[in-house]
Amino acid sequence: MATNITWHEGAVSRNEREQLLGQKGLTIWFTGLSGSGKSTLASALEQHLLHLDVTSYRLDGDNVRFGLNKDLGFGPKDRTENIRRIAEVAKLFADATIIALTSFISPYQADRDAARKLHEDSGIPFVEVYVDAPLDVAEQRDPKGLYKRARAGEIKEFTGISAPYEAPPNPELHIRTDQTSIEGGVKIIVDYLKERGFLVPKTLIN
Ligand SMILES: Nc1ncnc2c1ncn2[C@@H]1O[C@H](COP(=O)(O)OS(=O)(=O)O)[C@@H](OP(=O)(O)O)[C@H]1O
Ligand SMILES: Nc1ncnc2c1ncn2[C@@H]1O[C@H](COP(=O)(O)OP(=O)(O)O)[C@@H](O)[C@H]1O
């Protein structure tokens, strides 16, 4: 534990950064089973936002576990620490007025709630998106062949098979990827962002 540390307030406010870059920062938190479509949706959304002249940045499960979180496994404590660190990183991006797109299974409601609190305590919007595909659909997709290996007992504590997934009871958005196309999913998110005033023409930013 670090002691004797002091928070240093900078001279430039988030509001001033928003004016400079002409966009608002927030975090869009995708959660769902492996193979539900988190990475696919985040990637398609990133591209769509680019065309709207909005900068976003993806933090993705596998990629972050190659670097920042390579010391963490898939037991409950490690998953909690994984999500805690990712929430901190996403908050930094959002504070820098970028739209952070996180795609992690994030199976525990308490961890997602903590990620939300971290953002909202700093006045940064947090949009929880439940990327929902029934287990049998995700398992049928099996884009990385992991379900097959989990069923064969080669991967322990695999979410949905031998480890829990707690579905969010009150997400801002619930996207059924077995019933909605990728483009349809992106539209649901973009419409929500527009309705909430999170995507504003650069010239109108306060
Ligand atoms: N045991 C186990 N359970 C679930 N997933 C596993 C496991 N082992 C490896 N993988 C691969 O790691 C990706 C999930 O990492 P996350 O960081 O998103 O997981 S978590 O949020 O900490 O639960 C996950 O990626 P996605 O398929 O994109 O979800 C898998 O590719
Ligand atoms: N409506 C949809 N939304 C998202 N992905 C879909 C959809 N329909 C089919 N898929 C497919 O499902 C798979 C989801 O994989 P991925 O995005 O890696 O999931 P996750 O990141 O949740 O593990 C991809 O092969 C994708 O093309």
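Residues numbered from 1 in each chain as written. Chains lettered and ligands numbered in written order. Predicted model: local features only at pLDDT ≥ 70, side-chain atom pairs only at ≥ 80, totals over all residues. Heavy atoms only, no water.

Caption draft 1: Region of interest: helix α2 (residues 38–51). If you check α2, its first and last C-alpha atoms are 20 Å apart, about what 14 residues at 1.5 Å a residue would give, namely 20 Å. Among all positions of α2, only Lys38, Leu41, Ala42, Leu45 and Leu49 are buried. Buried residues along α2 cover an arc of 95 degrees about the axis, so they all sit on one side. Structural note: α2 exposes Leu50 and His51 on the side pointing more than 90 degrees away from its buried face. Those residues of α2 that are buried lie in contact with β1 (26–31), β2 (56–60), β3 (99–103), β4 (126–132), β5 (173–176) and α8 (182–195). Note on α2: the residue one or two positions beyond its end, Asp53, has a positive phi of about 75 degrees. (Helix = DSSP H or I, 4+ residues; strand = E, 2+ residues; numbered from the N terminus. Expected span 1.5 Å × (residues − 1). Buried < 20%, exposed > 50% of the residue type's maximum accessible area, 1.4 Å probe, protein only. Arc of directions from axis to C-beta. Contact = heavy atoms within 4.5 Å.)

Caption draft 2: Layout of the site of ligand 2. Inspection of the region around ligand 2 gives 14 residues, with Gly35, Lys38, Ser39, Thr40 and Thr180 positioned closest. Gly37 is positioned such that a nitrogen or oxygen atom in its backbone is 3.0 Å from an oxygen atom of ligand 2. Its free accessible area being 570 Å², ligand 2 has 76% of it covered by the protein chains. No other element matches the three residues that α2 contributes to the shell around ligand 2. Along the lines of polarity and charge, the residues of the shell around ligand 2 split into three nonpolar, nine polar and two charged. (Near = heavy atom within 4 Å. Polar contact = N/O pair within 3.5 Å; in protein donor to acceptor, adjacent residues only side chain to side chain. Areas by Shrake-Rupley, 256 points an atom, 1.4 Å probe, with all protein chains shown as cover. Nonpolar A, V, L, I, M, F, W, Y, C, P; charged D, E, K, R; others polar.)

Caption draft 3: Region of the structure containing the UniProt feature "domain: APS kinase" (unreviewed entry) in the chain. Sites flagged by UniProt as "domain: APS kinase" (unreviewed entry) map to residues 24–176. The span residues 24–176 shows a helical share of 42% and a strand share of 18%, and its end C-alpha atoms are spaced 27 Å apart. (UniProt positions renumbered as here; feature names shortened; annotations may be inferred.)

Caption draft 4: Representation of the side chain of Thr159. As for its position among the elements, Thr159 is in the loop between α7 (146–151) and β5. Separated by 2.8 Å, the side chains of Thr159 and Arg79 make a polar contact. With sequence-adjacent residues up to four places away left out, Thr159 is seen in contact with Leu33, Arg79, Ile105, Tyr147, Pro164 and Tyr165.

Caption draft 5: Up close: the nonpolar core. The biggest cluster of nonpolar side chains holds 22 residues, and the ones touching the most others in it are Ile28, Phe30 and Leu45. Mapped by element, the contributors of at least two residues to this core are β1, α2, β3, β4, β5 and α8. Broken down by element, the residue count for this core peaks at five residues, all from α8. Residues in contact with Phe30, not counting those within four places in the same chain, are Lys38, Leu41, Ala42, Leu45, Leu101, Thr102, Ser103, Phe104, Ser106, Val129, Val131 and Ile189. Grouped together as the second largest cluster of nonpolar side chains are eleven residues, Val64, Ala87, Phe104 and Ala115 included. (Core = buried A, V, L, I, M, F, W, Y, C linked by side-chain atoms within 4.5 Å.)

Caption draft 6: Focus on the pairing of β4. Of all the seven residues making up β4, seven are buried; the element is thus mostly covered by neighbouring parts of the structure. With burial as the criterion, each face of β4 is covered, one bearing Phe126, Glu128, Tyr130 and Asp132 and the other bearing Val127, Val129 and Val131. Both β1 and β4 contribute to a ladder of five bridges, which runs parallel. What sits directly across from Trp29, in β4, is Glu128. Judged from the four bridges that link them, β4 and β5 form a sheet pairing that is parallel. For Val131, the partnering residue across the bridge sits in β5 and is Ile175. (Pairing = 2+ DSSP bridges.)

Caption draft 7: Just the packing of aromatic side chains, in detail. Counted under the stated rule, the structure contains four aromatic pairs. Looking at Arg65, its charged tip hangs above the ring of Phe74, at a distance of 3.8 Å from the centre. (Phe/Tyr/Trp six-rings, centres within 6.5 Å; stacked < 30°, edge-to-face > 60°. Lys NZ or Arg CZ within 6 Å of the ring centre and 35° of its normal.)

Caption draft 8: Structural detail: unusual backbone geometry. Residues other than glycine seldom take positive phi values, yet Asp53 does so here, at roughly 75 degrees. Checked against the element boundaries, Asp53 lands in the loop between α2 and β2. Phi is positive for Glu157, close to 50 degrees, though the residue is something other than glycine. Among the secondary structure elements, Glu157 is positioned in the loop between α7 and β5. The partly exposed category is assigned to Glu157, whose relative accessible area is 37%.

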